[in-house]
Amino acid sequence: MLDYILIGMVLETELTGYDIKKEVENSIGNFYKVSYGRMYPHLKTLTDKGLLTMTEQMEGKRLKRYYRATTKGKKTFMEWLSAPIDLKASGEAQLAQIFFYGELPKEVRDIRLQEYEIYIQQTLMQYESIAKVVPTDGLDEKDYYGISTLYYGLQNVHNIIRWIKFIKEQKPLSKFIKPYNE
């Protein structure tokens, strides 16, 4: 996943490793963290595979390395991006793919979001069927905290469903984000 995130950050612009890390922190960083120690080996591998170019420029007394996606890198990135979301991947990996959906044609994006919504609805049905048979009264502390994770899952899935509907309708983000800015 990190490889795709790195390519995605330099699809249309040339950035240094430092700038890439800052872009990640200021965007996808709300759910995905990357260290320089993980990032630089991936940048080298992507460059070695021909997915990124790396140019060096002296700026003052510093040698800076700039990265940019190659045609092959863009093609690889778009193949990953347009593929169905890997439903077995972590939530962070799923969100990383959705983060870049603005690069997709609307028709492809709509299909992928519909597939994802169906999967999440199926997950909700599974959780609800479990909730029907799980005892909720007279629990000791051990059972209470264990079963409370089911409640967490149910709430999380409901939130994801609301979020998917929100982004599918492309509602103004100001309605969602504004209360947090005030």
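Description of the structure in this document.

The rules behind these values
- Residues numbered from 1 in each chain as written.
- Predicted model: local features only at pLDDT ≥ 70, side-chain atom pairs only at ≥ 80, totals over all residues.
- Heavy atoms only, no water.
- Buried < 20%, exposed > 50% of the residue type's maximum accessible area, 1.4 Å probe, protein only.
- Helix = DSSP H or I, 4+ residues; strand = E, 2+ residues; numbered from the N terminus.
- Contact = heavy atoms within 4.5 Å.
- Pairing = 2+ DSSP bridges.
- Axes fitted to C-alpha atoms, helices over the stretch in contact; angles between N-to-C directions.
- Parallel < 35°, antiparallel > 145°, perpendicular 65-115°, else oblique.
- Nonpolar A, V, L, I, M, F, W, Y, C, P; charged D, E, K, R; others polar.
- Expected span 1.5 Å × (residues − 1).
- Arc of directions from axis to C-beta.

Some points on helix α5 (residues 91-99)
By the burial criterion, the buried members of α5 are Ala93, Gln94, Ala96, Gln97 and Ile98. Next to the buried residues of α5 lie α1 (2-9), α4 (71-82), α6 (106-133) and α7 (141-168).

Some details on the sheet that holds strand β3 (residues 62-69)
Taken together, 3 strands build an open sheet; the order of strands is β1-β3-β2 and the sheet is antiparallel. Strand pairing shows two members of the sheet lacking a second neighbour, β1 (15-16) and β2 (52-59), which therefore form its edges. Pairing geometry for β1 and β3, over 2 bridges, is antiparallel. Its bridge partner lying in β3, Thr16 is registered against Tyr66.

A short note on the packing of α1 against helix α3 (residues 36-48)
Where α1 contacts α3, the axes come no closer than 10 Å and their chain directions differ by 75°. The pairing of α1 with α3 is recorded here as roughly perpendicular in orientation. Two secondary-structure elements touch here, α1 through Leu2, Asp3, Leu6 and Ile7 and α3 through Arg38, Met39, His42, Leu43 and Leu46. Looking at the contact of α1 with α3 residue by residue, the class counts come to 6 nonpolar, 1 polar and 2 charged.

Topic: α3
Counted at 1.5 Å a residue, the expected span for α3 with its 13 residues is 18 Å, and the 18 Å between its end C-alpha atoms agrees. Considered for burial, the residues of α3 that qualify are Met39, Leu43 and Leu46. For α3, the angular spread of the buried residues around the axis is 70°, confining them to a single face. Along α3, the residues that are exposed and aim more than 90 degrees away from the buried face are Gly37, Lys44 and Asp48. On the buried face of α3, the contacting elements are α1, α2 (17-26), β2 and β3. Positive backbone phi, at 80°, marks Gly50, one or two positions downstream of α3.

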